[in-house]
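Survey of secondary and tertiary structure
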Amino acid sequence: VNDVQMTLLIAAALMVLVIFAFLRRVSATLIPALALPIAVIGTFAGMSLMGFNLDNLSLMALTLSVGFVVDDAIVMLDNIVRHIEQGMAPYEAAMKGSGEIGFTILSMTVSLAAVFIPVLFMGGVVGRLLHEFAVTIILAILASGIISVTLTPMLCARILKDEHGQEHNWFYRLSENTFNWMQSAYTRTLRLALAYKLVVVGIFALTLAASVGLFMIMPQDFLPSDDVGRLQGQIQAANGTSFEQMTRYVQQAQDIINADPNVEGAMSSVMGGNGQAGTNSAQLQLIALKPRKERQLDADQVIRELRPKLSRIPGANIFLTNPPSVRLGGRMARSNYQYTLQGLDLAQLQVMSGRLMEEMRKDPAFVDVTSDYDAAMPSVQVNINRDRAAAFGVSPQQIETALGAAFSSSQISQINAPSNQYEVILELLPQYRRDPSALAKLYITAGGAGNGNGANPTLVPLTAVTDITNETMPISINHAGQVPAITISFDMAAGHALSDAVSGIARASRAVEMPDTITGSFQGTAAAFQSSTQGMGWLLALAMLVVYIILGILYESFIHPLTILSGLPSAAMGALLTLYLVGLPLTLYAFVGMIMLIGIVKKNAIMMIDFALTKQRAHVGVSAEEAIFEAAITRFRPIMMTTMAAMMGTLPIALGTGAGAESRRPLGLCVAGGLLLSQLLTLYITPVIYTYLDKVAQRVSPKDRRAAVPAPAE
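Just so it is clear, the structure is predicted and the values come from calculations on it, not from any experiment.

Our focus in this paragraph is the overall build of the protein. Helix and strand counts for the protein come out as 24 helices and 15 strands. Counting only residues that meet the buried cut, the protein has 51% of its 714 residues in that class. Pairs at least 24 residues apart make up 78% of the contacts formed inside the protein by residues separated by at least 6 positions. Carbon and sulfur atoms provide 60% of the accessible area of the protein, an area that totals close to 32,300 Å².

Below, the structure is given as structure tokens:
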């Protein structure tokens, strides 16, 4: 939580610096800078009313909100400053500028909040995870919209001053000349784009095809692994391994782990694991890593470094895991992900699970492949011969009591000393618990008070009243839904995602010719991933549909919402390409970043198209090309400011370090990469698409363009 709070402060500082670089005045920078903390305070108020708290998800939502809660204030401020630069008094500029830009801000605020409406109605685990995240962002967006149409114009009227004829410092002149150069370069290149429209349309089609292709080939994962400085592990030995031997295995493993320079210490215990009996397993309950700044490797890299060292311990298999920050059910297993096989024929189930594991081990995508089925081990069956027991006057309860007292290590008393307490444990000496022949030395009391016949008690050998046989049997037989089941657990190798596991297990099942009598299904996190990936594409499409409907209502048009959404393919391409180049899969958080891009990227198009539509409706005879050209040039500065502010807001997340930074990084990279590429392309694609779709709009609704309606002068 501390790291997320620090990331939020860094993002806010970077955003304020971006605004200052564009506006070059402390007074003007102060206005959107004040909008940020007030919007956050307003968000806190809404969170408090809804019973939310500050956790990693809500804080991450606030950090992302930093990049765009000031967008509305920036757009309002820029429009007012533009009128002041044209010679208008600050008060008149605030009144006129706020009246002009009010509908634009309404469109941006409502459409951005609408992006997250489908997320609110998601069900299952994913819906529970993202509900508070989505509501927090919506609250921040609404607070930002209210502030931008109330506080921002008031501050502009009171704080801004007419600076015509004033001498400016070197930084002002440098930044002004740099921006003028950028704007003139954009003007020239935009004229070329409008002159060669088909080339721009071809680039648009290319980005659309590339975004679809990248989405198809991108490895997908559910939740990225976090580095919170903790690891866990299990040690598995051969069936029948004694307690003493297991303690030696544990000590060897702890010596290797503690020798690693990244490890602070380890804690372990020898016990039956996964609900199983026996002492052939041990738990590495906690492997504490050193603080992140004191080690060179993250948690997953530490596991990859320790794995070959621990494999050198003969007779023991050691599995290390980086426990997920959110555990989504499933069995307690030796690895993070589980795949369960079910079948009525236990023998067939055992054979096919073994074949499937062997096939999975051949796939380089899987590591630490194991199962919760342990092969049959030697066992001793003690069957009571009731006829002989009755002849000797021995009851079955007496036999069970004698065996329990000998082997169950039960506490029968407690000794209280002045400074300590000591438990009295009843059990056989160790030498009598290592070999089944010790059963012949056990005697049962018969003929006394225990049998109720009043005769003098006698000692009867256990072998006289029981039949003892040596057999083999599994330690346990697990079930799922009352059907015998074997759960295969596995982890993913470096560079592979859960989508590789889904396809890899499908290939392995085909290779071993899995019979129809055995069914397989993912459990826990892997099951949640499989169900979530099936609905992610629909969620993205639904978010775009909701935005389209909202924009259609606001603009009373079926056509121009498509113009506004024309920048989405370039944003999706930039996001997916960034993740692909840095080698990260498309995780749930990265997908949330893509949903955010739908809301952020369309702001640029809204600023241009709203200006162009107002121009055409106010002046009959103005062509679509002239209107959109003037709109693009006029709105160039707020578009650059809002995009750069959003990028600076997500940059600390994309490059962040500290606890939990690994889960946040894909989201930041997704948003930053999408904004960067969409900024370069939509400045040209949106004007060109507008000129084509405006012709379609006139055919659909000619009166929409021919009737001149009053509108404020630009």
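The subject of this paragraph is the sheet that holds strand S1 (residues 230-237). Pairing is antiparallel in the open sheet, where four strands are placed in the order S2-S3-S1-S4. Of all strands in the sheet, those bounded by a partner on one side alone are strand S2 (263-270) and strand S4 (316-321). The mean inter-strand angle of the sheet, taken between neighbouring strand axes irrespective of direction, is 20 degrees. Where S1 lies against S4, six bridges are found, and the strand directions are antiparallel. The residue bridging Gln232 from the neighbouring strand is Thr321, located in S4. The strands touched by helix H10 (residues 243-259) within the sheet are S1, S2, strand S3 (281-289) and S4, with S2 carrying the most contacts at an inclination of about 170 degrees. Here helix H11 (residues 299-310) sits on the sheet in contact with S1, S3 and S4, set at roughly 175 degrees to S4.

Another point: a nonpolar patch on the surface. Together, Leu208, Val212, Met216, Ile217, Leu577, Tyr580, Leu581 and Val582 give the surface a local cluster of nonpolar side chains, amounting to about 810 Å² of exposed area. Contributions of two or more residues to the nonpolar patch are made by helix H9 (197-217) and helix H19 (568-582). Within the secondary structure layout, Ile217 lies in helix H9. Residue Ile217 is classed as exposed on the basis of its relative accessible area of 55%.

This part takes up unusual backbone geometry. Despite not being glycine, Asp368 has its phi angle at roughly 55 degrees, a positive value. Its location among the elements puts Asp368 in strand S6 (residues 366-371). Given a relative accessible area of 13%, Asp368 falls into the buried group. At Glu513, a residue that is not glycine, the phi angle is positive and equals roughly 55 degrees. By the secondary structure assignment, Glu513 is in the loop between helix H16 (498-511) and strand S15 (519-523).

At a closest axis distance of 8 Å, the pairing of helix H20 (residues 588-618) and helix H21 (residues 624-634) adopts a crossing angle of 135 degrees. Our classification of the angle between H20 and H21 gives oblique. Of the two elements, H20 crosses H21, and the hand of that crossing is right-handed. Between H20 and H21, the contacting residues are Met608, Phe611, Ala612, Lys615 and Gln616 on the first element and Ala624, Ala627, Ile628, Glu630, Ala631, Ala632 and Thr634 on the second. Residues of the contact of H20 with H21, tallied by class, amount to eight nonpolar, two polar and two charged.

The next subject is the pattern of salt bridges. If you walk through the whole model with that rule in mind, you get ten salt bridges. Between Asp368 and Arg307 there is a salt bridge, with the nearest N and O atoms lying 3.3 Å from each other. Within this pair, whereas Asp368 is found in strand S6, its partner Arg307 is found in helix H11, the two being separated by 61 residues in sequence. Residue classification places Arg307 among the partly exposed residues on the basis of a relative accessible area of 26%. For Asp363, the salt bridge goes to Arg507, with nearest N and O atoms at 3.1 Å. Of this pair, Asp363 sits in the loop between helix H12 (346-362) and S6 while Arg507 sits in helix H16, and the two are 144 residues apart along the sequence. Residue classification places Asp363 among the buried residues on the basis of a relative accessible area of 15%.

Moving on: the side chain of Thr152. Mapping Thr152 onto the fold places it in helix H7 (residues 124-159). A residue is classified by how much of its surface remains accessible, and Thr152, at 1% relative accessible area, is buried. Non-local contacts of Thr152, meaning those with residues more than four positions away in its chain, are made with Ile31, Ala73, Met76, Leu77 and Ile147.

Another point: the packing of aromatic side chains. Describing an aromatic ring pair means giving the distance of the ring centres and the angle of the ring planes. The final tally for this structure, using the stated rule, is six aromatic pairs. Of the aromatic side chains, those joined through ring pairs into one cluster are Tyr186, Phe636 and Tyr684.

Judged by nonpolar contacts, the single largest core of 166 residues is most densely connected at Phe116, Leu160, Phe222, Leu356, Met360 and Phe490. Per-element tally for this core: the top contributor is H20, with 20 residues. If we skip the residues at most four places from it in the chain, Leu356 touches Tyr339, Leu341, Ile488, Ala508, Ser509, Val512 and Met514. Ala237, Val263, Ile303 and Leu310 belong to the second-largest nonpolar core, a separate cluster that totals 22 residues.

Once that is clear, we can look at H12. With 17 residues, H12 extends 25 Å between its outermost C-alpha atoms, agreeing within 8% with the 24 Å of an ideal straight helix rising 1.5 Å per residue. Of all the positions in H12, only Leu349, Met352, Ser353, Leu356, Met357 and Met360 are classed as buried. Within H12, the buried residues cover an arc of 140 degrees as seen down the axis, which keeps them to one side. If you follow the buried residues of H12, they end up packed against strand S5 (337-342), S6, strand S14 (483-492) and H16. Where H12 starts, the residue carrying a side-chain oxygen 3.2 Å from the main-chain nitrogen of Ala347 turns out to be Asp345.

On to the pairing of S1. Of all eight residues in S1, six are buried, a share of seventy percent or more. Pairing of S1 with S3 involves six bridges; the strand directions are antiparallel. What sits directly across from Gln234, in S3, is Gln283.

What follows concerns the side chain of Lys197. Its place among the elements puts Lys197 in helix H9. Polar contacts involving the side chain of Lys197 include one to the main-chain carbonyl oxygen of Leu194, which spans 2.9 Å. Once residues lying within four places of it in the same chain are set aside, the contact partners of Lys197 are Glu625, Val688, Thr691 and Tyr692.

To continue, consider the confidence of the model for the protein. Confidence along the protein averages 81 in pLDDT terms, with 90% of residues attaining 70 or more. When the criterion is pLDDT under 50, residues 273-277 qualifies, and its contacts beyond four places in sequence or with other chains add up to twelve contacts. Scored below 50 in pLDDT, residues 703-714 shows 28 contacts in the model against residues more than four places distant or in partner chains.

Turning our eyes to something else, we now look at the packing of helix H4 (residues 71-85) against helix H22 (residues 636-655). As a packed pair, H4 and H22 sit with axes 9 Å apart at the nearest point and diverge in direction by 150 degrees. The orientation of H4 with respect to H22, classified from their angle, is roughly antiparallel. Every pair of crossing elements has a handedness; the one defined by H4 and H22 is right-handed. In this structure, H4 contributes Asp71, Ile74, Val75, Asp78, Val81, Arg82 and Glu85 to the contact, and H22 contributes Arg637, Pro638, Met641, Thr642 and Ala645. Partitioned by chemical class, the residues of the contact of H4 with H22 number six nonpolar, one polar and five charged.

Criteria and thresholds
- Residues numbered from 1 in each chain as written.
- Predicted model: local features only at pLDDT ≥ 70, side-chain atom pairs only at ≥ 80, totals over all residues.
- Heavy atoms only, no water.
- Helix = DSSP H or I, 4+ residues; strand = E, 2+ residues; numbered from the N terminus.
- Buried < 20%, exposed > 50% of the residue type's maximum accessible area, 1.4 Å probe, protein only.
- Contact = heavy atoms within 4.5 Å.
- Areas by Shrake-Rupley, 256 points an atom, 1.4 Å probe, with all protein chains shown as cover.
- Pairing = 2+ DSSP bridges.
- Axes fitted to C-alpha atoms, helices over the stretch in contact; angles between N-to-C directions.
- Patch = residues over 30% accessible without salt bridge, like charges linked within 9 Å, V, L, I, M, F, W, Y side chains within 5 Å.
- Salt bridge = Lys/Arg side-chain N within 4 Å of Asp/Glu carboxyl O.
- Parallel < 35°, antiparallel > 145°, perpendicular 65-115°, else oblique.
- Left-handed = near helix turned anticlockwise from the far one by under 90°.
- Nonpolar A, V, L, I, M, F, W, Y, C, P; charged D, E, K, R; others polar.
- Phe/Tyr/Trp six-rings, centres within 6.5 Å; stacked < 30°, edge-to-face > 60°.
- Core = buried A, V, L, I, M, F, W, Y, C linked by side-chain atoms within 4.5 Å.
- Expected span 1.5 Å × (residues − 1).
- Arc of directions from axis to C-beta.
- Polar contact = N/O pair within 3.5 Å; in protein donor to acceptor, adjacent residues only side chain to side chain.
- pLDDT = per-residue confidence, 0-100.

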